[in-house]
Amino acid sequence: MRPACWLRRSAAARWPGQRERPGHAGLYAGLTATGLALLAALGPPAQLRAEPRAGETRAELDTEHMFGFVTGTDVGEGGEKEIESESTGRLGKRSGAYAARSHVLGMEYTPVDNLRFELGASESYHDISGVPELDDLRRGAFAGLSLDMRYRLLDRARAGPGLTLLAEPHWARVDETSGQPVTRHGAALAILMDRELVPGRLVAAFNLLYEPEAVRSEVTGERWREATFGLGAAIMQQVGPGLFVGLEARYLRQHESLGFDAFAGHAFFLGPNVFFTPSEHWRITATWSMQVAGRAAEDPAALDLTNFERHQVRLSIGYRF
């Protein structure tokens, strides 16, 4: 639905009384080295060609929604439309009971080849009890709006690797973690890449994201800025007609500024993914991702359960016409 949501952190609002967190050096080098390594794993670019190679089924393989939190490069054919329903659950903090759910209903449209737009509206529900620094809450609300814009620079069928640029401005009125009323403006900016390692059967993808946001609390009036940086990689294997299974990995960093300073925490998520197309028009994607490593600033405990959750799950259903 909102393609960069796999990387969007669920950071708690910095309510009065929370301490500023220190910066962290070496982020540029780390992101660059990791990105180059993952790109190398996708293999060297293939020579441009006018038509797919004999025996390939690239025309039938659509990677846009194949992955759970990572996003593929396909954008659909010119004139194609799709309705999508996407539900994401975030579960588990270090103590107390925590469950947050968001649901986005969107309409996709590809006016011409390689260019795609999607308008989405979201609602959220929070069930919070006994979590430090978060008020107990059980409430649902209309959450916000988003506009997803994508332009595909390289088509896998002609260039070997696929490459797509993504920009998604969004507005929200509910804090993703606390469920408290806020006014949030931001944009997800992403580079999407993928490649068919075995044509039509084995696909790998890599995403790189930067997501700055400006937030104002409607409870206290406090304003702050924050940003998420992330890397994601995934691989999917066909195991039956229309059925793919695979694994996704994401590394996320949270900062209490729009740049690389004011480090707040980082987390590494890993989990399985299933993609099924029961018919030409319908598709279903289900994924579960668990935080397996990480740390919050000023917290020596393993895992970052301040800025992120222990578990993230997603179910996406789409109808194309």
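Now for a description of the structure that goes with this document. Computed from a prediction, not measured in an experiment: that's the story for all the values here.

## Digging into unusual backbone geometry
Backbone geometry at Asn114 places phi at a positive 80°, although glycine is not the residue there. Inspection of the secondary structure puts Asn114 in the loop between β2 (97-112) and β3 (115-129). Phi angles above zero are rare outside glycine, and Glu298 is one such case at about 65°. Structurally, Glu298 is set in the loop between β11 (282-296) and β12 (311-320). Taking the relative accessible area as the measure of exposure, Glu298 reaches 43% and is therefore partly exposed.

## Describing the sheet that holds strand β10 (residues 263-276)
With antiparallel pairing, 12 strands are arranged side by side around a closed barrel as β1-β2-β3-β4-β5-β6-β7-β8-β9-β10-β11-β12. Going across the sheet, the axis of each strand differs from the next one's by a mean of 20°, ignoring polarity. The pairing of strand β6 (residues 181-198) with strand β7 (residues 202-217) spans 14 bridges and is antiparallel. Looking at β7, one finds that Thr183 is bridged to Arg216.

## Observations concerning the nonpolar core
One finds Leu61, Met66, Phe67, Val70, Val203, Ala205, Ala234, Met236, Phe244 and Phe275 forming the largest nonpolar core, which totals 10 residues. Here Phe67 is in contact with Gly72, Val203, Ala205, Ala234, Met236, Glu248, Asn273 and Thr285, once residues within four sequence places are set aside.

## A short note on the pattern of salt bridges
Scanning all chains against the criterion turns up 25 salt bridges. Glu64 serves as the salt-bridge partner of Arg150, at 3.6 Å between the closest nitrogen and oxygen. Placement of Arg150 in strand β4 (residues 137-154) and of Glu64 in the loop between α1 (27-41) and β1 (81-91) is noted, with a sequence separation of 86 residues between them. Accessibility classification places Arg150 together with Glu64 in one group, the buried group. Across the pair Arg150 and Asp148 runs a salt bridge whose closest N-O atoms are separated by 3.4 Å. As far as the burial class goes, Arg150 and Asp148 line up, both buried.

Reading guide: rules and limits
- Residues numbered from 1 in each chain as written.
- Predicted model: local features only at pLDDT ≥ 70, side-chain atom pairs only at ≥ 80, totals over all residues.
- Heavy atoms only, no water.
- Helix = DSSP H or I, 4+ residues; strand = E, 2+ residues; numbered from the N terminus.
- Buried < 20%, exposed > 50% of the residue type's maximum accessible area, 1.4 Å probe, protein only.
- Pairing = 2+ DSSP bridges.
- Axes fitted to C-alpha atoms, helices over the stretch in contact; angles between N-to-C directions.
- Core = buried A, V, L, I, M, F, W, Y, C linked by side-chain atoms within 4.5 Å.
- Contact = heavy atoms within 4.5 Å.
- Salt bridge = Lys/Arg side-chain N within 4 Å of Asp/Glu carboxyl O.

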